Each structure stands twice: as C-alpha cells, then as structure tokens.
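# Coordinates in review
Listed below are the residues making up each chain.
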Amino acid sequence: MAQRKKISVIGAGNIGGELAMLVARRELGDCVLLDIPEKADFARGKALDIMQTGALDGFDGNVHGTSDYKDIAGSDVVIVTAGVPRKPGMSRDDLLSINLKIIRAVANGIKENAPKAFVVVISNPLDAMVYEMKKVTGFDPKMVVGMAGVLDSARMQCFLAMACKCSTKDVRALVLGGHGDTMVPALGYCTVNGIPVKQLLPADVIDGIVKRTAGGGGEIVKLMGTSAYYAPAAGAVEMAEAYLRDEKRILACAAYLNGEYGYKDMYIGVPVVIGGGGAERVVQIDLSADEKAMLDKSAEAVRGLITDAAKL
Ligand code: APR
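Residues numbered from 1 in each chain as written. Predicted model: local features only at pLDDT ≥ 70, side-chain atom pairs only at ≥ 80, totals over all residues. Heavy atoms only, no water.

## Focus: the side chain of E132
Structurally, the position occupied by E132 is in helix α4 (residues 126-137). Residue classification places E132 among the buried positions, given a relative accessible area of 3%. Once you skip the residues sitting within four places of it in the chain, E132 turns out to touch L100, I103, R104 and A309. (Helix = DSSP H or I, 4+ residues; strand = E, 2+ residues; numbered from the N terminus. Buried < 20%, exposed > 50% of the residue type's maximum accessible area, 1.4 Å probe, protein only. Contact = heavy atoms within 4.5 Å.)

## Thoughts on the site of the ligand
By nearness alone, 22 residues border the ligand, and N14, I15, D35, K39 and T81 come closest of all. In this structure, an oxygen atom belonging to the ligand sits 2.6 Å away from a side-chain N or O atom of D35. Separating an oxygen atom of the ligand from a side-chain N or O atom of N99 is a distance of 3.3 Å. Isolated, the ligand exposes 730 Å² of accessible area, and the fraction of that covered by the protein chains is 87%. Breaking the shell around the ligand down by element, the ones donating at least two residues are α1 (14-25) and α3 (96-113). (Near = heavy atom within 4 Å. Polar contact = N/O pair within 3.5 Å; in protein donor to acceptor, adjacent residues only side chain to side chain. Areas by Shrake-Rupley, 256 points an atom, 1.4 Å probe, with all protein chains shown as cover.)

## As for unusual backbone geometry
A cis amide bond links N124 to the next residue, P125, at an omega of 0°. Residues other than glycine seldom take positive phi values, yet D265 does so here, at roughly 50°. Here D265 falls in the partly exposed class, since its relative accessible area comes to 31%.

## Regarding the sheet that holds strand β11 (residues 195-196)
A sheet is described by the order of its strands in space; here three strands give the open sequence β7-β10-β11, paired in antiparallel fashion. Here the strands that pair on one side only, and so sit at the sheet edges, are β7 (171-172) and β11. When β7 meets strand β10 (residues 191-192), the two strands line up antiparallel, connected through two bridges. Bridge pairing in β10 links R172 to T191. (Pairing = 2+ DSSP bridges.)

## Observations concerning the domain arrangement of the chain
What the domain assignment lists for the chain is domain 1 (6-146) and domain 2 (149-310). Measuring from the centre of the C-alpha atoms in domain 1 to the corresponding centre in domain 2 gives 22 Å. Opposite the 41 residues of domain 1 that make contact, domain 2 presents 44 residues. Carbon and sulfur atoms supply 68% of the area buried between domain 1 and domain 2, which totals about 3,500 Å² over both sides. At the junction of domain 1 and domain 2, the tally comes to one salt bridge. With its nearest N and O atoms 2.7 Å apart, the salt bridge here joins R26 to E241. The interface formed by domain 1 and domain 2 holds nine residue pairs in polar contact (both at pLDDT 80 or more) in total. When residues of the side of domain 1 that touches domain 2 are traced back to their parent elements, those giving at least two are α1, β4 (77-80), α3, β5 (118-121), α4 and β6 (144-146). At eight residues, the largest contribution of residues to the side of domain 1 that touches domain 2 is made by α4. Across the side of domain 1 that touches domain 2, the residue classes break down as 24 nonpolar, three polar and 14 charged. (Domains from an automatic or database assignment. Buried area = accessible area lost by both parts, 1.4 Å probe. Salt bridge = Lys/Arg side-chain N within 4 Å of Asp/Glu carboxyl O. Nonpolar A, V, L, I, M, F, W, Y, C, P; charged D, E, K, R; others polar.)

## Quick notes on the pattern of salt bridges
Counted according to the given criterion, the structure contains twelve salt bridges. Here D60 and R4 are joined by a salt bridge, their closest N and O atoms 3.9 Å apart. Highlighted residues: D60 in the loop between α2 (40-57) and β3 (63-66) and R4 in the segment before β1 (6-10), separated in sequence by 56 residues. Via salt bridges that share partners, R4, D30 and D60 belong to a single interconnected network.

## Topic: the side chain of S75
Along the chain, S75 falls in the loop between β3 and β4. A polar side-chain atom of S75 sits 2.7 Å from a polar atom in the side chain of S8. With near-sequence residues (within four places) excluded, S75 lies in contact with K6, S8, A114, K116 and A117.

## Concerning the environment of V171
With respect to the element layout, V171 can be found in strand β7. Given the relative accessible area of 0%, V171 is considered buried. Linking V171 and M156, residues 15 residues apart in sequence, is a C-alpha distance of 9.1 Å. For V171, the residues in contact, after removing those within four places along its chain, are Q157, L160, A161, C166, T191 and V192.

Now the structure itself:
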C-alpha cells in the first residue's frame, strides 16, 4: 500500500510553525511538529490551527503536535529549527553555546528515532550546527545539510529585482560561503533571465546589494526584534521537496566538503544537487580570484566556529 511521506519539524516556534504550514499546504506528506515538553501544548495548538486551515483552503494531511521523539519514527525528512533566535545587536555566532546544547539533544533524538531521514538544519550559527548534527548522528553526510544559501540567494534575488524593477521570477543569484557576514555572492552567476546583472546595474548599486544581502538577516532582526521566518521556512521546504520528489535541483546549501573547493571536514555553502539520494553531488564552479579569497575567509570563520564548538 502506498504511504504518505512523513516530515518532522523540530522546534514549533516561528520558523517551525511556518514550515508545518508549508508542508501541509503543499501536501508534501504528514507533518509532526515537535517542541520541548513545556511547549508540547503550544505545538499541539499550532498543529490543530494548521489542520483547520486545510478545511478552508482545501488541503489535507495530518499535522501532529508533540514533545515525544517516538512520534518522529519513520520520518522521511526532519527539519531542525530548534534553538534560540537572534535579538537585535546579536550576531548568529553569539548563539553558539546555547544552540549547541540544543542541537546535540535534537541530534540524539533524530539518531534514535529517525535514522533514515534526510535532515535539514536551520538553527544558527548554521554551518557549525549542521556540522554538529552530522557529528552526533553519525549519518551519511549526504543526508545532513544546512539551509542558508537558498535563503541568502533569495534575499539577493529580491534586492536585485527591486533595483532592476523587474520580477523576482526572472532573477537568479548564487550566494556561497558561511551563513554570516562573510558570505560570498558569486556575482558572475547572478543573472536576470540569463543576462549578467553587471550589464544591467551600475557597480555601486551592485555593491550596495551585496552588502545588504550579507546583512539581510540582521536588517530583519532589527526591524522585528527577532529572526526572519517566512523565507527561512520556504528555503528549507524547497530543499525537502527536492529530496522527496528526487528533483535533482542545484541549490546553494551548507554541504559537507571532503576536499571540494579545497576544504576538508567542514560544512559551508556551495552549489549542491539535491535529489532522492540527499545532497548527491557538490557542483564545483569557477570562481574569480577575489571570490575564492572571500570564500577562503568565510571558510576560516566557519572553521573557527567548529573549533570553538568542539571545546564546548
Ligand atoms: N527540542 C525541540 N525544540 C526546542 C528545543 C529542543 N531541545 N530547544 C528549543 N526548542 C524550541 C523552542 O521551544 C522554540 O519553540 O525551538 C523553538 C524556536 O522557535 P523560535 O524561538 O520562534 O525561533 P525561530 O525564529 O523559529 O528560529 C529558530 O532558526 O534561523 C534560526 O537563528 C534562528 O536558531 C534560530 C532557529
């Protein structure tokens, strides 16, 4: 008998709630929304609210709120949002020690209960958290990825579309590197329907967009007092969907590198083929000398975080 897919979301906060809504709306499968025991009822409430939306908007699928890891058994995908978000003035790296403890607990829960799942980590600081997830679970690195590049690229696409006064649908952007101030917009690969953006916008406008993209998360934290959640959830769902439907999409993701781009035993944002085998293949692209130098700097920052995490 055919079975529905199962997608579990760990952390029923702002991103987790939006994720469960997207999973249900797109009818990707049944969804489990898990939070800590103190917030189990909160998760149950959100789950019911989403299922009742289905009666209005015409989607079905179960959404189940819980704090019991046994409920994630058999998950095809687990998306991890558990952790503390930024407050104004904080960098993602400031979250390291708090979120590290949380990610270790979550990783053990996934390891014991959903050992076959494709795991997408969203918690920050992203590159260190996804590294820890792989380390604690011991899963095949193809099955553990981090969501950041799709979000940073989407932010850049949005700013480019605003500057070009055109639809975001026609804009492609590729942002590589760590999910932080050192991220690397690969400008040669940013186009509007194939037209390099360098032909459409003056250099100073592009420079402004590059800076705004790197600070794109911080801009929202400053405005809202907490991290963004709609676009991060949409980014993770895009990755989950590529896996579940074996789409072979090329998406910028934090992937485990074993020599690609000259880096070993670390996660960093690069273009990756996502399909039924997980993060099937890292795509190696040509970078300018400046871009490679920026990527090296970003990798160094990520390496520093991983080293700090190992001491905590
Ligand atoms: N297990 C499960 N859930 C947990 C755990 C845990 N051990 N620890 C914390 N949580 C839950 C919290 O109870 C909360 O409901 O994670 C949820 C986080 O939700 P929010 O505080 O609303 O944070 P959100 O905006 O969703 O961001 C979550 O993603 O982008 C990153 O920087 C962001 O690290 C942050 C994470």
